[in-house]
Every structure is written in structure tokens, then in C-alpha cells.
Amino acid sequence: MKILILHGVNLNMFGKRDPAHYGTATLADINAALADLGKELGVELETFQTNHEGEMVERIHRVPGEGIRAVVINAGAWTHYSYAIADALAILDMPVVEVHMSNVHAREAFRHESVLSTVSAGSIAGFGVQSYLLGLRAAWNLIQNTRDTRRL
Ligand code: DQA
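This is a predicted model, so every value here is computed, not measured.

Criteria and thresholds
Residues numbered from 1 in each chain as written. Predicted model: local features only at pLDDT ≥ 70, side-chain atom pairs only at ≥ 80, totals over all residues. Heavy atoms only, no water. Helix = DSSP H or I, 4+ residues; strand = E, 2+ residues; numbered from the N terminus. Rg over C-alpha atoms; globule rule 2.2 N^0.38 Å. Buried < 20%, exposed > 50% of the residue type's maximum accessible area, 1.4 Å probe, protein only. Contact = heavy atoms within 4.5 Å. Areas by Shrake-Rupley, 256 points an atom, 1.4 Å probe, with all protein chains shown as cover. Lys, Arg positive; Asp, Glu negative; His and termini not counted. Charge placed at Lys NZ, Arg CZ, Asp CG, Glu CD. UniProt positions renumbered as here; feature names shortened; annotations may be inferred. Axes fitted to C-alpha atoms, helices over the stretch in contact; angles between N-to-C directions. Parallel < 35°, antiparallel > 145°, perpendicular 65-115°, else oblique. Left-handed = near helix turned anticlockwise from the far one by under 90°. Nonpolar A, V, L, I, M, F, W, Y, C, P; charged D, E, K, R; others polar. Arc of directions from axis to C-beta.

Caption draft 1: The arrangement of the overall build of the protein chain in detail. Helix and strand counts for the protein chain stand at five helices and five strands. For 152 residues, the compact-globule estimate of 2.2 N^0.38 gives 15 Å, and the C-alpha radius of gyration of the protein chain, at 14 Å, lies within 12% of that figure. The C-alpha extent of the protein chain, read off along each of the three principal axes, is 45 × 35 × 25 Å. Residues classed as buried in the protein chain amount to 45% of the 152 residues present. Partitioning the intrachain contacts of the protein chain with sequence separation of at least 6 by distance along the chain shows that 78% fall at a separation of at least 24. Accessible surface, the protein chain: about 7,400 Å² in total, of which carbon and sulfur atoms supply 51%. The protein chain carries 13 positive and 16 negative side-chain charges, and their two centres are separated by 5 Å.

Caption draft 2: A look at the UniProt feature "binding site: substrate" (unreviewed entry) in the protein chain. When the UniProt feature table is mapped to this numbering, "binding site: substrate" (unreviewed entry) covers Asn-74, His-80, Asp-87, Met-101, Ser-102 and Arg-111. With a sequence span of 38 residues, these residues are also far apart in the fold, their greatest C-alpha distance being 24.3 Å. Mapped onto the secondary structure, Met-101 falls in the loop between strand 4 (96-100) and strand 5 (122-125). Apart from residues lying up to four places away in sequence, Met-101 is in contact with Phe-14, Tyr-22, Ile-30, Asn-74, Gly-126, Phe-127, Gly-128, Val-129, Ser-131 and Tyr-132. Among the secondary structure elements, Ser-102 is positioned in the loop between strand 4 and strand 5. Sequence-distant contacts of Ser-102, defined by excluding residues within four places in its chain, comprise His-21, Tyr-22, Arg-107, Ala-125 and Gly-126.

Caption draft 3: Looking closely at the UniProt feature "site: Transition state stabilizer" (unreviewed entry) in the protein chain. When the UniProt feature table is mapped to this numbering, "site: Transition state stabilizer" (unreviewed entry) covers Arg-17. The residue Arg-17 is located in the loop between strand 1 (2-7) and helix 1 (19-22) in this model. Setting aside its immediate chain neighbours within four residues, Arg-17 contacts Asn-10, Leu-11 and Tyr-22.

Caption draft 4: Geometry of the packing of helix 2 (residues 27-41) against helix 5 (residues 129-146). Two elements in contact, helix 2 and helix 5, have axes separated by 10 Å at closest approach and are oriented at 30°. Here helix 2 is positioned roughly parallel relative to helix 5, judged by the angle of their axes. By crossing handedness, the relation of helix 2 to helix 5 is classed as right-handed. From helix 2, Ile-30, Ala-33, Leu-34, Leu-37, Gly-38, Glu-40 and Leu-41 reach across to helix 5, where they touch Val-129, Tyr-132, Leu-133, Leu-136, Arg-137 and Trp-140. Split into classes, the residues belonging to the contact of helix 2 with helix 5 amount to ten nonpolar, one polar and two charged.

Caption draft 5: Examining helix 4 (residues 83-90) more closely. For helix 4, every residue scored as buried is listed here: Ile-85, Ala-86, Ala-88 and Leu-89. In a view along the axis of helix 4, the buried residues occupy a sector of 160°, so they form one face of it. Exposed residues lying more than 90 degrees from the buried face of helix 4 are Tyr-83 and Asp-87. On its buried face, helix 4 sits against helix 3 (53-61), strand 3 (68-74) and strand 4.

Put into C-alpha cells, the structure is as follows:
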């Protein structure tokens, strides 16, 4: 079983960026914590980060046919305005889980809206690195629940 973890714009700067909101863990630390949990759950993980919206869209386009059963995405600021990424995710016939390190609902008004919500099974925000781990667990649970009826 394979799950794809997508990290969007500016997220390669975790560890050097606004520690009050994002803490001090780097993207490599986050991916290492995800890899540990992936092993525990018995799931194969692929992680991908880009600062280019078109590259993110094209990575999502390649998902069908790769044996991927769910996507966990922190789209960074794209969350709040990228209809292109929302439309790409809408093509996928599998659970999408939205995650955020910070509590976007307690921050500036522009962060309160997610254009990805309509294409996501749910979202997790405000728990730092744990948001990703909870997101992976949520995706894993969704796959378990669809195991007998879906052949992706
Ligand atoms: C973020 C929240 C977004 O509003 C912001 O633009 C980010 C990171 C988070 O993980 O909390 O880049 O997605």
C-alpha cells in the first residue's frame, strides 16, 4: 500500500521559517517522522516537495496508475487560492487529507479559507509535525475502510 505525501510552496524552509508558527523541525525531520510511522503502519511512502505550482499539478496528474491509495497534502499558501491544485486533486479517485502545521483558523483571515476543502476528506491543522502524523493515520484509516470495495 502506497501513500503520497505532498509538500507545497515554501515548505522546504521549515526549520528556518517563522518558528512561532512552524516550530524548528525541518522538512527532512518531518519526512523522517513520517517514514517511521509509515513503517509502523506497514505503508510505503513517497514524499514530494516543490515551489512550482505547475510541477505540483503535474505530480498529481501522475498519481493514477502508480499504485497510490491516498494523498496527504500540505499545500502551504496554495491552500488558500490554487484552484489549479484543487482541480488536479479532484481528478483522483482516492482519499485526500489536508494538513497544516499551524492553526490556520487562528491566524490571518486569508488563511481561514481552503480551496482544497471540497476535494479533501478532511483537514488537520495546528499540531505541528503531529498534524502530518495524524494526517497519515487518517489516510491509512480511510484506506482500511475502502479496502474491500476499491481496486485502485
Ligand atoms: C501552512 C499554513 C499556510 O497558511 C502557510 O501559507 C504555509 C504553511 C501550515 O503548514 O501551517 O505555508 O500550510
